[in-house]
Structures are given as structure tokens and as C-alpha cells.
Amino acid sequence: MLTIQELVSDTSERLNFKWLAGELSAAHILLDPGMAAADLLGHLNLIHPARIQVFGLEELSYYHRFDVKRRQHHLEELAQGGVPAIIIASNAQAPEDLVSFCAHHHVPLLASPLDAAEIIDLLRVYLNKRLAPSTILHGVFLDVLGLGVLITGESGLGKSELALELISRGHGLVADDAVEVFRTAPSVIEGQCPELLQNLLEVRGLGLLDIRTIFGETSVRRKMNLKLIVHLMRANPADFERLPMQDRTQSILGVDILQVMLQVAAGRNLAVLVEAAVRNTILKIRGIDTMRDFIERQAQAIQESSQQRVV
């Protein structure tokens, strides 16, 4: 759940809000996280009173057309519908009856120097992220060649050592051990590091390493979109598919993320394999599928061979 006070505090730098009325009740008014951001706020709309109502210059002009009694009626409709807050855009002068009504009915009334459209756009982006479905994943999250890669596997398989080698090769650390992930769009999973663990990587025998201090500013990332999961597994030929015919995926918050399986065995350079998997994933994102192309080439060769035998 999210209070209006939290919303104001989180966006004050961009929106420069100023309280006009109802500040004391802001902590008790909550936005429903089950609603889409587009339904949580918008231009003045009496049909949808239970969302943040933004008064731009056009809405204020519309409001001033009514007599005092009609204005009071519409404001009461908003209050009865559970309006969480009202925002006056473009630093316009708030009507005195609106200020009095909000103060009396404990409705937060805010003003911002930005125009109504910009306020709505910025707040929808903020609400999408702030109320996005989230979870915590176990693994090491990295930026490899510009792609968000989550390394998973059993404890003791060398996830952190692999991450350290990739960082030493110029890639970036996002999070180790606990990765906070959010579904910020229908098909976008964004991952970041909990504040307590930022820049830290735990390596067996070495303890906690401050990656930013050791490798420099460019060795860490604040957040990345998750595009690939690399799952490490013990060397067991019976459980391993050498030539997967179809892409393997793992569902994260309802979004299917590409997954590759890598065996951990002596003599295998896992860092090179991860980089190769990332390059191959980038090709797939661009529409180039090596396995599909090979199957098509093989089918064509079989067809041509069959035609030659018939002739």
C-alpha cells in the first residue's frame, strides 16, 4: 500500500509539490496496489472519483463555469467516491471554495509548477515502479555485455567465483545473493540490489568484497532488466540435455525468461560459456536463431537429397 505522503516525498524532487490543504490526513489515505497506474490518477473525471484528480488549466476553466452550488455538488461526489488527492497543475490559483472543501473534508490538496500532462506522465511511471509486483531471487545478478544475467544454482557450485571472474573481464555486478525483482511492465522484469548489500560480493574463503572499491565505479550497476538466467548444475550426463531443441524458459512474476543450463566440471571455462550464451541470446532477441536455422538447413538438405535419388 502507498500513502499520499510517501508519494509526495518520493517525487518531490521532480514535481516540487506544495501542500495547500489536507496535509494531516495524507498518511491515512492509501492507493490500491491492485489497480493499474493508469487508473490511479488522471485529469479531472467525475466518473472515476477514486483516483488522484489533476486540475490543469482546462479543468480549472471548466470548474469556474459552474455556480457555487454546482461546484459543491461535484466536490461532494469526489469526496464520497473516495478521492485520494487533488493536484493543481501549472502553479495555478486554487479556487477558495476548493481549498476550503479539501480542508474541511481532509482531502489532500497539492500544487505543482508542472503542467497537468507532465504531472500525470511522471506519476504513472513512478506508480508503475512503486506498486509493481515483486519478489526476491537467490543468485548473482550481473550486467554481461549489456544484458541482465542472473546466475543461479545450488550452494557451493561457484556462482560467486564465476561472477568475480566475469567482473574481472569487464562486466558489472548488480546484486549478489538476494536480488529484488519487479515486473515494471507486462513483459519487463527489472532487478536491483537491496540497499544493505549494494556493491558487495561474497566469495568463499575471501569473505565480503567491495566490488566498487576494488574494481572501480564502472564495475557495478544500479539496476538491469533481466533477460537471461544461467543455471549452474553438477556434472551428471543423465540430467543434461546436450543439444536442446527448444528454448528453455523460467517464469518470473508471470514473465518467461530465457534459461540456459551449464554443467560445472573441472576444466570448463564457465565465464567464456556465459559470454557465449549472452551473445547467442542477443542474436535471438534480434531474430537470429542458430538452432532454428540449422534445422531448416538440415530439412532442406534432406529434401534435396531425396529429390536427387528420385531422379
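Preceding this paragraph is the structure being described.
No experiment lies behind these values; they were computed from the predicted model shown.

Peer 1: Before we go on, may I ask you to explain the overall build of the protein in this structure?
Peer 2: Regarding its fold elements, the protein presents 10 helices and 16 strands. Seen through its principal axes, the protein has C-alpha atoms that stretch 90 × 65 × 30 Å. Counting over 311 residues, the protein shows a buried share of 41%. A sequence separation of at least 24 residues applies to 70% of the contacts in the protein between residues at least 6 apart. Within the structure as shown, the protein displays about 17300 Å² of accessible surface, and the carbon and sulfur contribution to it stands at 51%.

Peer 1: I keep staring at the pattern of salt bridges and nothing clicks. Help me out?
Peer 2: Side chains carrying opposite charge are able to pair once their charged atoms draw close together. Counting across every chain of the model gives 10 salt bridges. With a closest N to O distance of 2.9 Å, Arg169 and Glu275 form a salt bridge. In this pair, Arg169 is assigned in the loop between α7 (159-168) and β10 (172-185) and Glu275 in helix α9 (residues 270-285), connecting sequence segments 106 residues apart. Residues joined by salt bridges that share partners form a network here, namely Glu6, Asp10 and Arg130.

Peer 1: What is the right way to look at the side chain of Thr184 in this model?
Peer 2: Mapped onto the elements, Thr184 comes out in strand β10. Ignoring anything within four residues of it in the chain, the contact list for Thr184 reads Asn128, Lys129, Ala132 and Glu190.

Peer 1: Would you explain the packing of aromatic side chains in this entry?
Peer 2: How two aromatic rings sit relative to each other is set out by the distance from centre to centre and by the angle between their planes. Taken as a whole, this structure holds two aromatic pairs when the rule is applied. Note on Phe55 and Tyr63: the rings are 6.0 Å apart at their centroids and 75° apart in plane angle, and the pair reads as edge-to-face. In this pair, the class of Phe55 matches that of Tyr63, namely buried. A centroid spacing of 4.9 Å and a plane angle of 90° characterise the contact between Tyr62 and Phe66, whose relative ring orientation is edge-to-face. By relative accessible area, which is 36% here, Tyr62 ends up partly exposed.

Peer 1: Would you mind showing me how to read helix α5 (residues 96-105) here?
Peer 2: Side chains that are three or four residues apart share a direction in an α-helix, a result of its 3.6 residues per turn. All of the buried residues along α5 are Leu98, Phe101 and Cys102. The buried residues of α5 occupy one face: seen down the axis, they fall within an arc of 95°. The exposed set on the far side of α5, more than 90 degrees from its buried face, consists of Glu96 and His104. Where α5 is buried, its residues touch β2 (18-21), β5 (52-55), α3 (57-64), α4 (68-80), β6 (86-88) and β7 (109-111). Looking one or two residues past α5, His106 carries a phi angle of roughly 60°, positive in sign.

Peer 1: What is the right way to read unusual backbone geometry from this model?
Peer 2: Negative phi is the rule for most residues except glycine; trans is the rule for most peptide bonds. Although it is not a glycine, His106 sits at a positive phi angle of roughly 60°. At Asp177, a residue that is not glycine, the phi angle is positive and equals roughly 75°. Note on placement: Asp177 falls in strand β10. A relative accessible area of 38% means that Asp177 is categorised as partly exposed.

What counts and what doesn't
- Residues numbered from 1 in each chain as written.
- Predicted model: local features only at pLDDT ≥ 70, side-chain atom pairs only at ≥ 80, totals over all residues.
- Heavy atoms only, no water.
- Helix = DSSP H or I, 4+ residues; strand = E, 2+ residues; numbered from the N terminus.
- Buried < 20%, exposed > 50% of the residue type's maximum accessible area, 1.4 Å probe, protein only.
- Contact = heavy atoms within 4.5 Å.
- Areas by Shrake-Rupley, 256 points an atom, 1.4 Å probe, with all protein chains shown as cover.
- Salt bridge = Lys/Arg side-chain N within 4 Å of Asp/Glu carboxyl O.
- Phe/Tyr/Trp six-rings, centres within 6.5 Å; stacked < 30°, edge-to-face > 60°.
- Arc of directions from axis to C-beta.

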